[in-house]
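Here are the chains, one letter per residue:
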Amino acid sequence: MAQHQEAALHIAHAADLGGVPPDYFVIKLYQMLQEQREVITWDPDGGIIIHDRAKLEATLSVYFRHNRFTSFQRQLNNFGFHKKRRPAVGLSAASVARKGAAYDHPLLAGQAPEAVLRLRRDARPR
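We now turn to the structure provided with this report.

**Considering the packing of aromatic side chains**
Alright, step 1. Under the defined criterion, the tally for this structure stands at 5 aromatic pairs.
Alright, step 2. With a centroid separation of 5.6 Å and an interplanar angle of 25°, the aromatic rings of Phe25 and Phe64 are classed as stacked. One end of the pair, Phe25, is in helix H2 (residues 24-35); the other, Phe64, is in the loop between helix H3 (53-63) and helix H4 (69-78), with 39 residues separating them in the sequence. Note on accessibility: Phe25 and Phe64 belong to one class, buried.
Alright, step 3. Summarising the aromatic geometry, the rings of Phe25 and Phe72 are spaced 5.7 Å apart at their centres and angled 55° between planes, so their arrangement reads as tilted. Note that Phe25 is positioned in helix H2 and Phe72 in helix H4, a separation of 47 residues in sequence.
Alright, step 4. On the basis of relative accessible area, Phe25 is assigned to the buried category, the value being 4%.
Alright, step 5. Here Phe72 falls in the buried class, since its relative accessible area comes to 1%.
Alright, step 6. Among the aromatic residues, ring-to-ring pairing joins Tyr24, Phe25, Phe64, Phe72 and Phe79 into one connected group.

Definitions and limits used
- Residue numbering note: each chain is counted from 1, following its sequence as written.
- A pLDDT threshold of at least 70 governs which residues receive local features in this predicted model, and a stricter bar of 80 or more applies before side-chain atom pairs are shown or counted, although totals over entire chains, interfaces and linings include all residues.
- Only hydrogens and water are removed before side-chain values are computed, so all heavy atoms of the structure are retained for them.
- Centre distance within 6.5 Å is the pairing criterion for rings of Phe, Tyr and Trp, where only the six-membered ring of Trp is used; planes under 30 degrees apart are then read as stacked, over 60 as edge-to-face, and the remainder as tilted.
- Secondary structure counts use DSSP, requiring at least four H or I residues in a row for a helix and at least two E residues in a row for a strand, with both numbered from the N terminus.
- We call a residue buried when its accessible area falls under 20% of the maximum for its residue type, exposed when it is over 50%, and partly exposed in between, using a 1.4 Å probe and counting protein chains only.

What follows is the structure, encoded as structure tokens:
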């Protein structure tokens, strides 16, 4: 089964579980995790690892209406991700040199990548 079809099945399943379809950002984040594995990968500890910031910025416009890392990072924060202060286990020295980063989410620890589809935007007052 093609990765895109597999992603569509997981997205449909996530909507069935909660009754509310996943937010656009988490759908696109999940697709990136499936299709851009040399740039962004799932961290089994509950988050994502960005291996190369420049390559990520080059692919953002495929998924979003922008190619700015700061906008992507803001969306991660809006959905409860936090940048790890210590280098992640899956983040190599080469990734650190390419301005790679790791972000975790407290609700995703020990979960499969599909769990990202259940995330909702933080409802903090601005």
